[in-house]
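Residue-level structural notes
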Number of protein chains: 2
Amino acid sequence: MKYNREFSNFKNDYIFAKLKKTAEEMKRQGKEVVDLGVGDLSLPLFPVAVEEMIKSVKELGEKRSFTGYPPAEGLLSLREKISLDYGDLGISPSEIFISDGAKSDVGNLLDLFGTGISVLVPTPAYPAYAEANLFAGNKVTFLPCFKEDDFIPIPPVGKIFDVIYLCSPNNPTGSAFDKRTLSRWINYALSTGAVVLYDGAYCDFASENEVKSVYEIKNAEYCAVEIRSFSKSFGFTGVRCGYCVIPETLGEYNRLWKRRLSFRFNGVSVISQKGAEAYFSEEGRAAVKKRINYYKNNAEIIKIALKKKNLWYNNSCSSPYVFAKTPEGFSSEEFCDRAIKKFGIVLTPGNSFGEGGEGFFRISAFPERDKILKAVEITDKY
Amino acid sequence: MKYNREFSNFKNDYIFAKLKKTAEEMKRQGKEVVDLGVGDLSLPLFPVAVEEMIKSVKELGEKRSFTGYPPAEGLLSLREKISLDYGDLGISPSEIFISDGAKSDVGNLLDLFGTGISVLVPTPAYPAYAEANLFAGNKVTFLPCFKEDDFIPIPPVGKIFDVIYLCSPNNPTGSAFDKRTLSRWINYALSTGAVVLYDGAYCDFASENEVKSVYEIKNAEYCAVEIRSFSKSFGFTGVRCGYCVIPETLGEYNRLWKRRLSFRFNGVSVISQKGAEAYFSEEGRAAVKKRINYYKNNAEIIKIALKKKNLWYNNSCSSPYVFAKTPEGFSSEEFCDRAIKKFGIVLTPGNSFGEGGEGFFRISAFPERDKILKAVEITDKY
């Protein structure tokens, strides 16, 4: 029997699955656990999404409104709403492809390029970028980012890559691009013939002076694919819906992706797509705004606690994650191990996000306020 | 910019997308079209599925019952129900992986084997088998099946392949394996070290003397992966939910697949999964049974019409498709072209399913009864 040999590079569990397991084990032992580790949600869906999805389910249950396979590229009604949302940036529905989430797109889109390509991943980074590529047999080069630059990646002039992953606002560092820095990356990609896979899963968290869409940058439509998700700001982690933008100006990729979908995918649940449409309603937008503020306030509370402890943190409000330095003498894993065993607080070790993450840890601001306050209370005692 | 070179082998539109387009074009022109082409559904979801999904959406809308990311391998509650459904065949929940549908599994599972493998595809066959493999850079060998054998594939003794696709009840031919013939394939796979990807998307259509699960065959758990779907019998084409079984006895593949899911997939919509659970309720099973009969009766009506016209058809009731011979002198495409232009009836040309399909056409029994009768009425006139 033939095995994919790339699997031999994958000895350990994916870090987030591992964290979940540890926390569950402690809970089973009856210990109180405050989980600030995994980036999952605890606040429920907005009523407007619930309403739309109930309506959709009922429609599927009636003969006159039943629909079968959704188009592989997604419902036109949803793609039109997304297109409108892009406004002046001029993204048409035919450039938008609905997916079941950003993680799927991060790996699936590699099919556009063939195997054996060279890929640049600024780190610390969402582990799926590197894993999907190593698994596909691609050559991954890591570009470490530094505390001194607020973890903003800088293009490695003189080197050439086929694909570059950028994530802004960044998971795990919380940094976000301003136009000037992202322009440098777009120019770099254009001059080297690279395609940027721009992960904007957290774009709703971008502050006013930060880039929300890569297409705000001049000529990005000639070199960048944008990946987005309804997961974090719209509560859709369990509902599964996201999308990517492949501009028609980006060579053949738009056509190729459509072709790839035709034999590899039968579309995203109609119910999830109808629910996602509610994001673009007045009520949906207001709810998202309010919730983003809630998460950002969580992050502020976390930062105040870190300041009290004299721990360095990346002072950006753009992301639901706070990226902080471990106390002197602690590696990422040593510190996170101590945090769970001594305080019952789950954190994510920075080194799990690759090079450049060692010596740091990530705190998620997604848990409910009382969990955040509980963690602050515990650490205040020491 | 790097392009996946395999795309150059993909000049034409995927056949089902093409058929849909033709039909839509005719409708736009105001012509009446009876679509017996695409294998999509027109009958609505069962009330029991609607109820469960509404309940699930409501739960996601409440703080105390909200859940985030589903497990990548699927909800345990659903996997337990599937496991129970396998009964004596002894498939455990840890061997079951929930997917967003059979088409996704057909391609994604190839990641288990690495690139450049050799694959056997008996034809006529669901086009996604060959396309997913050609696209992945694998070597595809087609094994033509013949009218004289009722389109049942026979193992090509003396030849060795890494992966073998089998589909039963078969799309498009309607044939299904009995235990004796499928045993030959399992023994062939075991003796040559091949893995069988067994597409059982239509398993609910199997008649009593036919195989429903590949694991009914002795030792299949050492060489076969089974793919299944809630699409056809439970009306889930728009809801998206299926599953595959990778037995723990099948070498490392079970563990590898779990690992692959961890960085490539964030699970299937919780709502779809909760809906799928309703399949296993008493009400769900009764509804499925009734609907399968409805489709099978449609197939019978189609067969009677073909008999009147003296056209050969595969006389199997195991599938919602009737596979028939074109009249003397007509190629598949010539005949289907005539059917739509002269009669407004959409059929699927047999050659779109690859070698062995030329000279035949597929009629879908999924449309509503009145559509089937309408088509019969039209053709009766000539």
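Here the structure is a predicted model, which means the values were calculated and not measured. (Residues numbered from 1 in each chain as written. Chains lettered and ligands numbered in written order. Predicted model: local features only at pLDDT ≥ 70, side-chain atom pairs only at ≥ 80, totals over all residues. Heavy atoms only, no water.)

**Observations regarding the overall build of chain A**
- Regarding its fold elements, chain A presents twelve helices and twelve strands.
- Here the C-alpha radius of gyration of chain A, 21 Å, is about what a compact globule of 382 residues would show, namely 21 Å.
- Buried residues in chain A amount to 63% of all 382 residues.
- Of all intrachain contacts in chain A linking residues separated by at least 6 positions in sequence, the fraction that spans at least 24 positions is 73%.
- Surface summary for chain A: the accessible area is close to 14900 Å², and the carbon and sulfur share equals 50%.
- In chain A, 51 positive and 48 negative side-chain charges are present, and the distance between their average locations comes to 3 Å. (Helix = DSSP H or I, 4+ residues; strand = E, 2+ residues; numbered from the N terminus. Rg over C-alpha atoms; globule rule 2.2 N^0.38 Å. Buried < 20%, exposed > 50% of the residue type's maximum accessible area, 1.4 Å probe, protein only. Contact = heavy atoms within 4.5 Å. Areas by Shrake-Rupley, 256 points an atom, 1.4 Å probe, with all protein chains shown as cover. Lys, Arg positive; Asp, Glu negative; His and termini not counted. Charge placed at Lys NZ, Arg CZ, Asp CG, Glu CD.)

**Brief notes about the pairing of strand β12 (residues 360–364) of chain B**
Residues and elements named next belong to chain B.
- Most of β12 is tucked away, with five of its five residues classed as buried.
- Burial of β12 is two-sided: the residues F360, R362 and S364 facing one way and the residues F361 and I363 facing the other way are all buried.
- As judged from the five bridges shared by strand β9 (residues 321–325) and β12, these two strands associate in the antiparallel manner. What sits directly across from K325, in β12, is F360.
- Across two bridges, strand β11 (residues 348–349) lies against β12 in antiparallel orientation. (Pairing = 2+ DSSP bridges.)

**Let's talk about the relation of the copies chain A and chain B**
- For the pair chain A and chain B, the best superposition has an RMSD of 0.0 Å and corresponds to a rotation of 180 degrees with a translation of 0.0 Å parallel to the axis. Taken together, the turn and the small shift mark the pair as related by a two-fold rotation axis. Taking C-alpha positions as reference, the residue of chain A nearest the rotation axis is I54(A), located at 2.8 Å.
- Interface residue correspondence from chain A to chain B reaches 100%, placing this contact among same-surface, isologous pairings. (Least-squares fit on C-alpha atoms with pLDDT ≥ 70 in both.)

**Observations regarding the interface of chain A and chain B**
- Listed as interface residues are 77 residues of chain A and, on the opposing side, 77 residues of chain B.
- In total, chain A and chain B occlude about 6600 Å² of area from one another, counting both sides; carbon and sulfur atoms represent 60% of this.
- Joining chain A to chain B, the criterion identifies six salt bridges.
- Residue K2(A) pairs with D162(B) through a salt bridge whose shortest N-O separation is 3.1 Å.
- The tally of links between chain A and chain B comes to 30 residue pairs in polar contact (both at pLDDT 80 or more).
- Going through the elements one at a time, α2 (47–60), α4 (102–108), α5 (127–135), α8 (253–264) and α9 (270–277) of chain A are the ones with two or more residues in the side of chain A that touches chain B.
- A total of seven residues in the side of chain A that touches chain B trace back to one element, the largest contributor, which is α8(A).
- Residues belonging to the side of chain A that touches chain B are distributed by class as follows: 37 nonpolar, 21 polar and 19 charged. (Buried area = accessible area lost by both parts, 1.4 Å probe. Salt bridge = Lys/Arg side-chain N within 4 Å of Asp/Glu carboxyl O. Polar contact = N/O pair within 3.5 Å; in protein donor to acceptor, adjacent residues only side chain to side chain. Nonpolar A, V, L, I, M, F, W, Y, C, P; charged D, E, K, R; others polar.)

**Concerning the nonpolar core**
- Core analysis: the largest hydrophobic core is formed by 202 residues, its most contacted members being F230(A) and F230(B).
- Not counting residues up to four positions away in its chain, the partners in contact with F230(A) are L78(A), I82(A), G235(A), F236(A), C241(A), G242(A), Y243(A), A276(A), Y279(A) and F280(A). (Core = buried A, V, L, I, M, F, W, Y, C linked by side-chain atoms within 4.5 Å.)

**Quick word on the domain arrangement of chain A**
Residue and element names in this part refer to chain A.
- Per the domain assignment, the segments making up chain A are domain 1 (5–45 + 283–380) and domain 2 (47–280).
- Placing the centre of domain 1 and that of domain 2 at their C-alpha centroids yields a distance of 24 Å.
- The partner domain 2 presents 47 residues to the 36 residues of domain 1 that form the contact.
- For the pair domain 1 and domain 2, the summed buried surface comes to about 3500 Å²; carbon and sulfur atoms form 63% of the total.
- Applying the counting criterion to the domain 1 and domain 2 interface returns one salt bridge.
- Residue D85 is joined to R285 by a salt bridge in which the shortest nitrogen-to-oxygen separation is 2.9 Å.
- Taken together, the links from domain 1 to domain 2 amount to 15 residue pairs in polar contact (both at pLDDT 80 or more).
- Of all elements in the fold, only α1 (15–28), α10 (282–308), β9 (321–325) and β12 (360–364) reach the threshold of two or more residues within the side of domain 1 that touches domain 2.
- Broken down by element, the side of domain 1 that touches domain 2 gets its largest block of residues, seven residues, from α10. (Domains from an automatic or database assignment.)

**Regarding the sheet that holds β9(A)**
Residue and element names in this part refer to chain A.
- Spatially, three strands are ordered β9-β12-β11 in an open sheet, and the strand pairing comes out antiparallel. Pairing within the sheet leaves two strands with one partner each, and these edge strands are β9 and β11 (348–349).
- Taken strand by strand, α10 contacts β9 and β12, and its axis lies near 15 degrees from that of β9. (Axes fitted to C-alpha atoms, helices over the stretch in contact; angles between N-to-C directions.)

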